[in-house]
Amino acid sequence: LLSALEKTNQALSDTEEAEKNERQELAENTLLAQNAYATAAKAEEDIEAHEHRRAEVEKKLDDLKKADKKRSLRHEAMQELAALEEQLQRTYRVLEVEKAKYQKAEGDIAELRAAIDERSKGVNGMIARAKEYEADLDRRRAEVARAEEAVARAE
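Report follows, based on the coordinates. Source: prediction; values computed, not measured. (Residues numbered from 1 in each chain as written. Predicted model: local features only at pLDDT ≥ 70, side-chain atom pairs only at ≥ 80, totals over all residues. Heavy atoms only, no water.)

Considerations on the overall build of the protein chain
Across its full length, the protein chain holds one helix and zero strands. Relative to the compact-globule value of 15 Å for 155 residues, the protein chain shows a C-alpha radius of gyration of 64 Å, a clear excess of over 25%. Seen through its principal axes, the protein chain has C-alpha atoms that stretch 220 × 20 × 10 Å. For the protein chain, the proportion of its 155 residues judged to be buried stands at 0%. Carbon and sulfur atoms provide 57% of the accessible area of the protein chain, an area that totals close to 14400 Å². With 29 positive and 37 negative side-chain charges, the protein chain shows a separation of 13 Å between the mean positions of the two kinds. (Helix = DSSP H or I, 4+ residues; strand = E, 2+ residues; numbered from the N terminus. Rg over C-alpha atoms; globule rule 2.2 N^0.38 Å. Buried < 20%, exposed > 50% of the residue type's maximum accessible area, 1.4 Å probe, protein only. Areas by Shrake-Rupley, 256 points an atom, 1.4 Å probe, with all protein chains shown as cover. Lys, Arg positive; Asp, Glu negative; His and termini not counted. Charge placed at Lys NZ, Arg CZ, Asp CG, Glu CD.)

Written as structure tokens, this is what we have:
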């Protein structure tokens, strides 16, 4: 009986020890599970934060791409504006040259008109003198005709 009792006590002691070990293992496993759960929850938060940050960075990247495109478009527009300004300056220079040519032509025209007017005065004077000569010639013809009549009557 004693031997059976010792065996029972030993079995009970072994069972208690095993139970204690199992409880300790259960506590450790529970702690590990809690730590794993906390780590998983933290990992999920980190993933969400990372995804949120990633979305922010992607948005910033898109904004930068848009800004870069705007800068590129602005640069192209500035180049086009500079080209137009240069073309405008060339057009102004051509206009100045053409204006000078026009003014010279106007001056030449004024000189030609003055010369024509001067010639017209000369021509008009010549015409007036020619008319005077013609009138004088007509008077002399008339005198010659009268003189011939007078000679013819006298004969």
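So, the pattern of salt bridges
Opposite charge on two side chains allows them to pair when their charged atoms are near. Counting across every chain of the model gives 13 salt bridges. Between lysine 42 and aspartate 46 there is a salt bridge, with its nearest N and O atoms 2.9 Å apart. Residue lysine 42 and its partner aspartate 46 are both found in helix H1 (residues 2-154); the two are separated by four residues, about one turn of the helix. Given a relative accessible area of 44%, lysine 42 falls into the partly exposed group. For aspartate 46, a relative accessible area of 39% translates into the label partly exposed. (Salt bridge = Lys/Arg side-chain N within 4 Å of Asp/Glu carboxyl O.)

Section: a negative patch on the surface
A grouping of Glu44, Glu45, Glu48 and Glu51 is seen on the molecular surface, where their side chains present a negatively charged patch. Along the chain, glutamate 48 falls in helix H1. (Patch = residues over 30% accessible without salt bridge, like charges linked within 9 Å, V, L, I, M, F, W, Y side chains within 5 Å.)

Examining a nonpolar patch on the surface
A surface patch of nonpolar side chains, about 280 Å² in accessible area, is lined by Leu88, Tyr92 and Leu95. Mapped onto the fold, leucine 88 is located in helix H1.

Brief notes about the environment of asparagine 35
Looking at the secondary structure, you find asparagine 35 in helix H1. Relative accessible area serves as the criterion here: at 41%, asparagine 35 is assigned to the partly exposed category. For the pair asparagine 35 and alanine 135, spaced 100 residues apart in sequence, the C-alpha separation works out to 143 Å.

Re the environment of leucine 112
Here leucine 112 is to be found in helix H1. With a relative accessible area of 54%, leucine 112 lands in the exposed category.

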